[in-house]
Amino acid sequence: MTQPTEIIQVIHVINDQAIAGGSIMTTHSSLASLGDSDSDTDTDISANANADTRSDNRRRRQPTKSLLNDDSTLDTASITSSENSVSTAPSSSSASASASKAAQKKNTSSNSNSNNKNSNIKNKNGKNKKNKKGKYNKQKQQEAKLTQADKARYVAMDCEMVGVGPRGYQSMLARVTCIGWDGNVLLDEFVKPTQPVTNYRTHISGITEQDLTLATMTIEECRTKVLSLLDNKILIGHALKNDMKVLQIQHPWHQIRDTGKYHQFMQKRADGILWPRKLKDLAQTRLQRHIQQDGRPHDPYEDAKAALDLYRLVRCNWESAICYKLEKTKSILAGQQQT
């Protein structure tokens, strides 16, 4: 049988354990309550968060709903614009390809144009050369048709003068040169002065005092010789008015071929009036010949030959113009006689 003391000890132990267990239970219960409160707060927080997200979602959904409900065309426009943007992506590449092709075409066309221009320039140069050759050949053919009798009808003349009187302003004949169609010299003589020479004009005329001292032909003899050479002949020269003035001779107008007065050899002034050009310039531009060079006196043979060669370039046209003027003159004279 158990002793009462032992039973009492056991009861104390049990009580201690019960107390300890109760405290433990209380602690567990308190912890559980704390956990419940934490879970409640967590649930509250999560509930609030869910409510916020729901409200946010509702706020986000509301405009979309309004857009969908109120303005459905916006979505279709945006869709079509997006589709267009998607569809234009390949078209932009095709556009760039077409642009590159167009650029290549432009480059090829520009190259072809430049080649055409170069070919045109070459053709023009070739044509100019052919035209020059054609004109030269035509001139040769026309000259080949001339008989010796026809050639004998042409005389080219040039005169050189010296200065007489005060300061040598007045001109007097000092030398006369006449050549034929083939450049053969018909007359080349110095003429005795009839007055004291005050300016020999050597830098232009090439005449010196010794030349005139040795001269044997008088001006009357020279005039007679020239008139015999020009009888029924065509006189060719440049600024022939001055030459005929110092020779004191006249010649029919329709038998004068003055290269200083032919319209194709003249230059147009600012007022539109035709003006004679220098024989030096005409020889350089039309004949590619340099005459009357600086520092050298004039050569009458050279000047007469230049005027003759200029006439040869335009002989047919010039003679046609003279024939027209002659026919016109004859018709006018005939009309005057009838009245």
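Owing to the predicted nature of the structure, the values given are computational and were not obtained by experimental measurement. (Residues numbered from 1 in each chain as written. Predicted model: local features only at pLDDT ≥ 70, side-chain atom pairs only at ≥ 80, totals over all residues. Heavy atoms only, no water.)

1. Examining the overall build of the protein chain
1) Next: The helix and strand inventory of the protein chain stands at 10 helices and 8 strands.
2) Next: With 339 residues in all, the protein chain has 25% of them scored as buried.
3) Next: Considering only intrachain contacts with a sequence separation of at least 6, the fraction spanning at least 24 residues in the protein chain is 56%.
4) Next: In the form shown here, the protein chain has an accessible surface area of approximately 23300 Å², with 54% of it arising from carbon and sulfur atoms. (Helix = DSSP H or I, 4+ residues; strand = E, 2+ residues; numbered from the N terminus. Buried < 20%, exposed > 50% of the residue type's maximum accessible area, 1.4 Å probe, protein only. Contact = heavy atoms within 4.5 Å. Areas by Shrake-Rupley, 256 points an atom, 1.4 Å probe, with all protein chains shown as cover.)

2. Thoughts on the pattern of salt bridges
1) Next: This model, assessed by the stated rule, comprises 7 salt bridges.
2) Next: For Asp188, the salt bridge goes to Arg175, with nearest N and O atoms at 3.0 Å. In this pair, Asp188 sits in strand β3 (residues 185-190) while Arg175 sits in strand β2 (residues 170-179), placing the two residues 13 residues apart along the sequence.
3) Next: Lys305 serves as the salt-bridge partner of Asp309, at 3.0 Å between the closest nitrogen and oxygen. (Salt bridge = Lys/Arg side-chain N within 4 Å of Asp/Glu carboxyl O.)

3. A look at the packing of helix α8 (residues 279-286) against helix α9 (residues 300-313)
1) Next: Relative orientation of the contacting elements α8 and α9 amounts to 50°, with a least axis distance of 10 Å. In terms of axis orientation, α8 runs oblique to α9. Considering only the axes of α8 and α9, their crossing is left-handed. Judged by residue contacts, Leu279, Leu282, Ala283 and Arg286 of α8 engage Asp303, Ala306, Ala307, Leu310 and Leu313 from α9. (Axes fitted to C-alpha atoms, helices over the stretch in contact; angles between N-to-C directions. Parallel < 35°, antiparallel > 145°, perpendicular 65-115°, else oblique. Left-handed = near helix turned anticlockwise from the far one by under 90°.)

4. Details of the packing of aromatic side chains
1) Next: Per the stated rule, a full pass over the model turns up 6 aromatic pairs.
2) Next: Arranged with centres 5.5 Å apart and planes meeting at 70°, the rings of Tyr262 and Phe265 form a pair that is edge-to-face. With respect to burial, Tyr262 and Phe265 carry one shared label: buried.
3) Next: Ring geometry for Tyr262 against Trp318: centres 4.1 Å apart, planes inclined by 20°, an arrangement best described as stacked. Placement of Tyr262 in the loop between β6 (256-258) and β7 (267-268) and of Trp318 in helix α10 (residues 315-338) is noted, with a sequence separation of 56 residues between them. Here the two residues Tyr262 and Trp318 agree in accessibility, since each one is buried.
4) Next: Joined through ring pairs, the aromatic side chains of Tyr154, Trp181, Tyr262, Phe265, Tyr311 and Trp318 make up one cluster.
5) Next: Above the ring of Tyr154, the side-chain terminus of Arg153 is found at 5.9 Å from the ring centroid. (Phe/Tyr/Trp six-rings, centres within 6.5 Å; stacked < 30°, edge-to-face > 60°. Lys NZ or Arg CZ within 6 Å of the ring centre and 35° of its normal.)

5. What to know about the pairing of β3
1) Next: By the bridge criterion, 5 bridges tie β2 to β3 in an arrangement that is antiparallel. If you follow Arg175 over to β3, its bridge partner there is Phe190.
2) Next: Remark: 5 residues form the turn of the hairpin made by β2 and β3, two consecutive strands paired antiparallel; Gly183 in that turn has positive phi of roughly 85°. (Pairing = 2+ DSSP bridges.)

6. Brief notes about the pairing of strand β5 (residues 234-237)
1) Next: Of the two faces of β5, the one carrying Ile234 and Ile236 and the one carrying Leu235 and Gly237 are both buried.
2) Next: Here strand β1 (residues 154-164) runs beside β5; their pairing, made up of 3 bridges, is parallel. Bridge pairing in β5 places Ala156 opposite Ile236.
3) Next: Sheet topology places β5 next to β6; 3 bridges connect them, and they run parallel. Residue pairing for β6: Ile236 is matched across the bridge by Arg257.
4) Next: Taking the sense of rotation as the criterion, the β-α-β connection linking β5, helix α7 (residues 240-247) and β6 turns out right-handed. (Right-handed = clockwise from strand over helix to strand, strands pointing away.)

7. Topic: the environment of Val162
1) Next: Secondary-structure assignment places Val162 in strand β1.
2) Next: By relative accessible area, Val162 is classed as buried at 0%.
3) Next: Taking the C-alpha atoms as reference, Val162 lies 7.5 Å from Ile207; in sequence the two are 45 residues apart.
4) Next: Sequence-distant contacts of Val162, that is, excluding residues within four places in its chain, are made with Gln170, Ser171, Met172, Ala174, Val197, Asn199, Tyr200, Arg201, Ile207 and Leu212.

8. Brief notes about the state of the cysteines
1) Next: Taken as a whole and assessed by the stated rule, the structure comprises 0 disulfides.
2) Next: You can see Cys159 has no disulfide; the closest cysteine sulfur is in Cys178, sitting 6.9 Å from it.
3) Next: Looking at Cys222, it has no disulfide partner, and the nearest cysteine sulfur is the one in Cys159, 6.9 Å off. (Disulfide = S-S within 2.5 Å.)

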